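Commentary on secondary and tertiary structure
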Amino acid sequence: KQKFHPTQQVVDQAKVAKAAKIQEKACGRCHLDDGKDGKDDTPVMASQWLEYLQIQMALYESGKRKMPDKMAEKVKELSKEDLDALMHFYAAQK
């Protein structure tokens, strides 16, 4: 419910480009408009700090944070490299 505040941060542009197709196929049904909006209770991912995204994914992967079932279905199909690219993609969105 907070206002969107775009960030300025350094991301790997090759990873951003790689993840554009991954996001559309794996994440775009819930993380709408390249993560700038969310379906139902899905959070905005666009322009989140890269380190924050990495910490949250590590918590999901370790089981310290429960991943939503619909997200887990999609994430299990992705490699570590795909997930890393997605975090760069979302961090880069304005």
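Everything below is about the structure shown above.
In this text the structure is predicted, and so the values were computed from the model without any measurement.

1. A closer look at the overall build of the protein
The secondary structure content of the protein amounts to 5 helices and 1 strand. Dimensions of the protein along its principal axes, counting C-alpha atoms only, are 30 × 30 × 25 Å. Relative to its full complement of 94 residues, the protein shows a buried share of 35%. Partitioning the contacts of the protein with sequence separation of at least 6, the portion at a separation of at least 24 is 69%. Of the roughly 6,500 Å² of accessible surface on the protein, 53% is carried by carbon and sulfur atoms.

2. Describing the layout of surface pockets
Here the largest pocket defines a volume of roughly 740 Å³. Lining the largest pocket are 29 residues, and of these His 31, Thr 42, Pro 43, Met 45 and Met 71 lie nearest its centre. Every element with two or more residues in the lining of the largest pocket is listed here: helix 1 (13–27), helix 3 (50–62), helix 4 (69–75) and helix 5 (80–92). The class makeup of the residues in the lining of the largest pocket is 18 nonpolar, 5 polar and 6 charged. The volume enclosed by the second largest pocket comes to roughly 330 Å³. Around the second largest pocket sit 11 residues that line it, and Gln 2, Lys 3, Phe 4, Val 44 and Gln 48 are the ones nearest its centre. Residues belonging to the lining of the second largest pocket are distributed by class as follows: 4 nonpolar, 5 polar and 2 charged.

3. Considering the nonpolar core
Counting residues in hydrophobic clusters, the biggest one holds 21 residues, and the most contacted among them are Leu 53, Met 57, Leu 78, Leu 83, Leu 86, Met 87 and Tyr 90. Every element with two or more residues in this core is listed here: helix 1, helix 3 and helix 5. For this core, the element with the most residues is helix 5, which contributes 7 residues. Not counting chain neighbours up to four residues away, the residues in contact with Leu 83 comprise Met 57, Glu 61, Val 75 and Leu 78.

4. Quick look at helix 1
Along helix 1, the sharpest change in direction is near 35° and occurs at Ala 19. Taken as a whole, helix 1 has its buried residues at Val 16, Ala 19, Ile 22, Gln 23, Ala 26 and Cys 27. For helix 1, the elements touching its buried residues are helix 2 (32–35), helix 4 and helix 5. Of the residues that open helix 1, the one with a side-chain oxygen 2.9 Å from the backbone nitrogen of Ala 14 is Asp 12.

What counts, and where the lines are drawn
- Counting of residues starts from 1 at the beginning of each chain's written sequence and follows it residue by residue.
- pLDDT decides what is reported in this predicted model: residues at 70 or higher carry local features, side-chain atom pairs at 80 or more are listed and counted, and totals for whole chains, interfaces and linings draw on all residues regardless.
- With hydrogens and water excluded, all non-hydrogen atoms of the structure serve as input to the side-chain values.
- Helix and strand assignments follow DSSP, with helices taken as H or I runs no shorter than four residues and strands as E runs no shorter than two, numbered in order from the N terminus.
- Burial classification: accessible surface area is computed with a 1.4 Å probe over protein chains only, and a residue below 20% of its type maximum counts as buried, one above 50% as exposed, and the rest as partly exposed.
- Here a residue-residue contact requires only that any non-hydrogen atoms of the pair lie within 4.5 Å.
- Shrake-Rupley sampling with a 1.4 Å probe provides the accessible areas, and residues are treated as covered by the protein chains on show and by no other component.
- A 1.4 Å probe that fits into a set of points on a 1 Å grid over the protein atoms alone but cannot get out defines a cavity; an open set with protein on both sides within 12 Å along at least five of seven lines defines a pocket, and lining residues are those with an atom within 4 Å of a point.
- Grid points are joined across faces, edges and corners, and a volume is the space filled by probe spheres set on the points.
- Residues are sorted three ways: Asp, Glu, Lys and Arg are charged, Ala, Val, Leu, Ile, Met, Phe, Trp, Tyr, Cys and Pro are nonpolar, and all the rest, Gly among them, are polar.
- Here the nonpolar core consists of buried residues drawn from Ala, Val, Leu, Ile, Met, Phe, Trp, Tyr and Cys, with membership extended through side-chain atoms lying within 4.5 Å.
- Here the bend at a residue means the angle between the axes of two seven-residue stretches, the one that ends at it and the one that starts at it.
- In protein, a polar contact requires one atom able to donate a hydrogen and another able to accept it; more generally it is a pair of N or O atoms within 3.5 Å, and residues adjacent in sequence count only if both atoms are side-chain atoms.

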